[in-house]
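Here are the chains, one letter per residue:
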Amino acid sequence: MRIEWLNQGTIASASASGMSRRVFMKAGAVVGGGFVLGFVVQGGGRFANAQQPPAKVYEPNAFLHIAPDNTVTVQVNRLEFGQGVQTALPMLIAEELDADWSKVNGALAPAGDQYKDPAFGIQITGGSGSVAHSYLQYREIGAKARAMLIAAAAEQWKVPADQIKTVKGTLIGPSGQTATYGALAEAAMKQPVPATVKLKDPKDFTIIGKPVKRLDARAKSSGKQQFGMDFKAPDSKVAVVARPPVFGAKVAKFDASKAKAIKGVIDVLEVKTDRGGSGVVVIAEGYWPAKTGREALAIDWDTSGVEKVSSDKQLAEFKTLSQKPGNPVRKADTSKLAGAAKKISAVYEFPYLAHAPMEPLNCVVDLRKDGCTVWAGSQFQTMDQGAIAATAGLKPEQVTLNTMMAGGGFGRRAVPTSDYLVEAVNIAKVWQAAGHKEPVKVIWSREDDVKGGYYRPSHVHRADIGVDAKGEIVAWNHVIVGQSILTGTPFEPMMIKDGVDATMVEGMGEPYEVPLNLSAHSVKANVPVLWWRSVGSTHTAFVMETLIDEAAHAAKMDPVAYRKKLMGEKGKRHIAALELAVAKSGYGKKALPKGQAYGVAVHESFNTVIAYVVVASVKNGQPKLHSVTAGVHCNTAVNPLTIEAQIQGAALMGLGMTLPGAAITLKDGVVEQQNFSDYTVARMTDMPKIAVHIVPSNDPPTGMGEPGLPPLAPAFANALFKLTGKRLRKLPFDLASA
């Protein structure tokens with residue numbers, strides 16, 4: 001997901017400005033003794049109160065705990081759901097701490113003020129900001145802890161601190177004295193926290209920048225890792241919900257007699273659901289009786305008063321609206337369009353997309369009179385904690401939200417409405433009102449997940465481009481139509497300007513020096529929408545990179561040379577990534593087998609530039625992607641193995657957007673897809689060969705969770721044009737109708 005307002009400066013400047021607001025503190029030792037160091041951000045970020053709150057003292061094991069046995073545990077202030085943050089963030093502390101990496105562990109932190117993102121001011125996993133935003137924060141924690149350990153050793157050995165060295169969790173004195181971090185942990189706790197520390201020069205890194213195997217790999221590969229779906233609180237019961245077929249509809253009446261007759265079913269209750277609707281929850285001893293009980297329900301639904309969206313009708317309306325100018329985003333002269341030597345006119349279509357993580361939504365709620373404990377794989381801990389509290393009639397500090405390992409999310413676990421958690425608390429409330437007291441575990445099936453809403457919005461783009469006799473783009477008029485993700489959310493005041501949702505238009509234009517006249521229409525529809533991995537760039541990159549490719553063809557120029565010509569000063573990182581991908585792929589030098597062709601695309605999102613050179617073919621009318629060569633410019637590569645994995649996953653997900661059946665469609669308000677049998681996701685058999693190459697840099701890292709997705713589909717489409725002569729204007733691909 002993306003939070004646009006972060007990118008109003010470099011992460012370096014954002015981090016530097018945050019320095020003066022940071023307060024380091026230490027507190028009493030945790031059980032078992034040792035050293036702990038916490039970190040507080042005061043009043044920082046876009047969500048901070050107007051009046052800066054006073055410093056708070058938080059629980060002692062806020063970020064770092066060094067145990068007497070030399071084990072180092074790092075609290076990760078994010079959700080780990082496959083992106084590798086549970087390894088990357090501990091790497092940052094371990095680097096400056098000079099820790100023994102073999103003794104470092106990562107733990108997912110619960111919701112808490114001390115774990116707020118230094119840039120956003122809320123606890124969040126999104127915007128590809130985990131490493132980018134906490135790069136200096138976590139390094140400083142490690143450096144200050146190291147300084148305190150050195151101070152303790154200097155005091156004990158009666159030697160100057162500057163004569164003590166640290167190597168892999170061991171302190172070494174000038175006369176050969178040695179002590180482990182664990183041995184001096186208690187003494188280090190008594191030392192004052194230094195106000196400032198000098199961080200390492202990148203040339204001295206021993207962990208950052210090295211290919212480090214993930215700390216959670218063994219547990220996941222052996223099946224020992226506990227995900228949210230695996231967790232069960234003592235005595236908890238399982239809840240499965242029959243939700244309305246049309247978003248916001250309500251139960252008119254229901255018959256639960258057959259459901260209650262099923263062995264294991266405890267109770268059947270009406271419950272509030274998302275968007276003002278209602279549903280029926282079946283609560284049982286386990287998932288199977290709850291699911292079977294739901295299937296046995298007889299429910300009459302009241303769908304009056306709610307809009308019933310049909311995709312075909314919506315598409316026609318979007319196309320009509322795209323013929324008119326929308327709210328202005330970027331203004332440019334279009335007068336030369338009529339007289340241009342060559343014209344490109346294109347209408348692009350993009351469907352709704354489901355997130356479809358491998359682990360569907362789930363959570364456990366233990367609601368008590370004086371508090372509530374929740375276990376969930378939340379990307380949005382601060383907002384979710386507040387929503388849980390409001391729904392339960394509690395204060396946020398009365399809610400304990402434990403962050404569970406999640407099996408994917410792609411934005412679906414970061415919902416401004418906290419839909420699935422609010423629903424779960426409402427279930428706990430009606431459960432208790434019916435005379436029960438046990439915790440409830442709410443489980444969504446795959447069908448619930450696919451049909452449950454909060455999709456990537458559908459969009460239509462209309463472009464009219466004029467190219468002169470020299471191949472120069474002299475005019476470009478562009479209109480985008482789609483739903484706003486942010487309307488009606490807490491982010492609306494900051495991210496919707498003059499009627500334009502920033503997430504809808506991100507990725508348009510830059511870094512190309514083209515006369516782009518851009519406007520947008522934000523429409524309303526009774527379909528809940530949300531950011532989807534790389535957000536607006538999921539569609540804007542496809543449009544930009546296929547149109548630029550088409551302009552290059554019209555100009556009779558090589559598409560790589562044409563892109564570089566249009567980039568200018570703003571595209572230095574783009575050119576570096578593109579040239580790296582081109583050089584490593586053999587593009588322009590290596591002849592391909594007959595029936596295969598190269599395709600190129602480059603795009604920046606979350607301050608990271610990804611360039612792809614792909615090789616594709618068409619067999620029996622079906623496109624096939626053979627290989628992908630990636631040039632990545634993400635500044636400092638904290639863990640190259642993680643970056644490689646992120647590119648592989650994002651590229652495959654981007655490929656999935658092109659496959660037949662990769663669309664959510666509605667008819668009379670009802671979602672037509674329900675499982676992987678009719679909603680296509682990319683599978684292992686679709687996986688091309690992927691080679692990842694990283695542009696060397698020592699600048700502060702930029703985001704990596706999402707940028708690998710946007711350029712894949714346009715690079716693939718550009719290769720298919722060379723093979724078929726057809727320009728693909730919609731996703732998923734359909735060569736037959738192109």
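Residues numbered from 1 in each chain as written. Predicted model: local features only at pLDDT ≥ 70, side-chain atom pairs only at ≥ 80, totals over all residues. Heavy atoms only, no water.

Let us now look at the UniProt feature "domain: Aldehyde oxidase/xanthine dehydrogenase a/b hammerhead" (unreviewed entry) in the chain. Following the UniProt record, the feature "domain: Aldehyde oxidase/xanthine dehydrogenase a/b hammerhead" (unreviewed entry) maps to residues 222-305 here. Secondary structure across residues 222-305 divides into 15% helix and 38% strand, with the first and last C-alpha atoms of the span separated by 50 Å. (UniProt positions renumbered as here; feature names shortened; annotations may be inferred. Helix = DSSP H or I, 4+ residues; strand = E, 2+ residues; numbered from the N terminus.)

It is worth spelling out the nonpolar core at this point. Judged by nonpolar contacts, the single largest core of 112 residues is most densely connected at I473, W476, W531, L547, Y612, V632 and I647. Excluding residues that lie within four positions of it along the chain, V632 makes contacts with A577, V609, I610, I643, I647, V692, H693, I694, V695 and M704. Within the second largest apolar cluster, 52 residues are counted, among which are A62, V76, A99 and A185. (Core = buried A, V, L, I, M, F, W, Y, C linked by side-chain atoms within 4.5 Å. Buried < 20%, exposed > 50% of the residue type's maximum accessible area, 1.4 Å probe, protein only. Contact = heavy atoms within 4.5 Å.)

Let us look at the sheet that holds strand 6 (residues 165-167). Pairing in this open sheet of three strands is antiparallel, and the strands run 6-7-8 from one edge to the other. On the outer flanks of this sheet lie strand 6 and strand 8 (178-180), each paired with one strand and no other. Within the sheet, the average angular offset between the axes of one strand and its neighbour, ignoring direction, is 25°. Note: strand 7 (residues 170-172) against strand 8, three bridges, orientation antiparallel. Looking at strand 8, one finds that I172 is bridged to T178. Of the strands in this sheet, strand 6, strand 7 and strand 8 are in contact with helix 3 (residues 130-157), which crosses strand 7 at around 45°. Along the sheet, helix 4 (residues 181-189) contacts strand 6, strand 7 and strand 8; its crossing angle with strand 8, the most-contacted strand, is approximately 80°. (Pairing = 2+ DSSP bridges. Axes fitted to C-alpha atoms, helices over the stretch in contact; angles between N-to-C directions.)

Now for the environment of V481. Structurally, the position occupied by V481 is in strand 21 (residues 473-483). The residues touching V481, leaving out its near neighbours within four places in the chain, are F318, L321, S322, S458, H459, V460, H521 and V523.

Counted under the stated rule, the structure contains 14 aromatic pairs. Between F247 and Y455, the aromatic rings sit 6.4 Å apart at their centres with planes inclined by 70°, giving edge-to-face as the arrangement. On the criterion of sequence distance, the pair formed by F247 in the loop between strand 9 (237-242) and strand 10 (250-255) and Y455 in the loop between helix 11 (446-451) and strand 20 (459-467) is long-range, its members being 208 residues apart. In textbook terms, an aromatic cluster arises when at least three aromatic residues are bridged by ring pairs, as seen for Y348, F350, F542, F716 and F733. Above the plane of the ring of F721 lies R727, whose end atom (NZ or CZ) is 3.5 Å from the centre. (Phe/Tyr/Trp six-rings, centres within 6.5 Å; stacked < 30°, edge-to-face > 60°. Lys NZ or Arg CZ within 6 Å of the ring centre and 35° of its normal.)

Bringing empty space enclosed by the protein into the picture now. Space left empty within the atom packing is revealed by a probe, the size of a water molecule, rolled over the atoms. Applying the stated criterion to the full structure yields five cavities of 30 Å³ or more. Taken as a whole, the second largest cavity encloses approximately 60 Å³ of empty space. Taken together, 13 residues form the lining of the second largest cavity, with P457, H459, I485, T503 and H539 sitting closest to its centre. Along the lines of polarity and charge, the residues of the lining of the second largest cavity split into four nonpolar, seven polar and two charged. (1 Å grid on protein atoms, 1.4 Å probe; cavity = no way out; pocket = protein on both sides within 12 Å on 5 of 7 lines; lining within 4 Å. Points joined across faces, edges and corners; volume = space filled by probe spheres on them. Nonpolar A, V, L, I, M, F, W, Y, C, P; charged D, E, K, R; others polar.)

Let us now look at unusual backbone geometry. The peptide bond linking E510 to P511 adopts the cis configuration, its omega dihedral lying at 0°. Mapped onto the fold, P511 is located in the loop between helix 13 (502-505) and strand 24 (516-523). We note that K168 has phi near 45°; this positive angle belongs to a residue other than glycine. If you trace the backbone, K168 turns up in the loop between strand 6 and strand 7. For R275, which is not a glycine, the phi torsion comes out positive at approximately 60°. Within the element layout of this structure, R275 appears in the loop between strand 11 (265-272) and strand 12 (278-284).

With that out of the way, let us pick up the domain arrangement of the chain. Domain annotation for the chain reports domain 1 (60-220), domain 2 (229-305 + 361-443) and domain 3 (311-353 + 455-724). Computed from C-alpha atoms alone, the centre-to-centre distance between domain 1 and domain 3 is 38 Å. Summing the contributions of domain 1 and of domain 3, the shared interface buries around 1300 Å²; its carbon and sulfur component is 64%. On the domain 1 side of the interface with domain 3, the three residues burying the most area are Q83, S128 and Y135, jointly 34% of the side's total. When contributions to the side of domain 1 that touches domain 3 are tallied by element, the ones reaching two or more residues are helix 2 (85-97) and helix 3. Sorting elements by how many residues they give to the side of domain 1 that touches domain 3 places helix 2 first, with four residues. The residue makeup of the side of domain 1 that touches domain 3, split by class, is 11 nonpolar, seven polar and two charged. (Domains from an automatic or database assignment. Buried area = accessible area lost by both parts, 1.4 Å probe.)

Between helix 14 (residues 537-554) and helix 18 (residues 712-724), the shortest axis-to-axis distance is 8 Å and the interhelical angle comes to 30°. Of the possible angle classes, the one that applies to helix 14 and helix 18 is roughly parallel. Between helix 14 and helix 18 lies a crossing whose hand is right-handed. Mapping the contact onto sequence places A541, F542, E545, T546, D549 and H553 in helix 14 and A713, P714, A717, N718 and F721 in helix 18. When its residues are assigned to classes, the contact of helix 14 with helix 18 shows six nonpolar, three polar and two charged. (Parallel < 35°, antiparallel > 145°, perpendicular 65-115°, else oblique. Left-handed = near helix turned anticlockwise from the far one by under 90°.)

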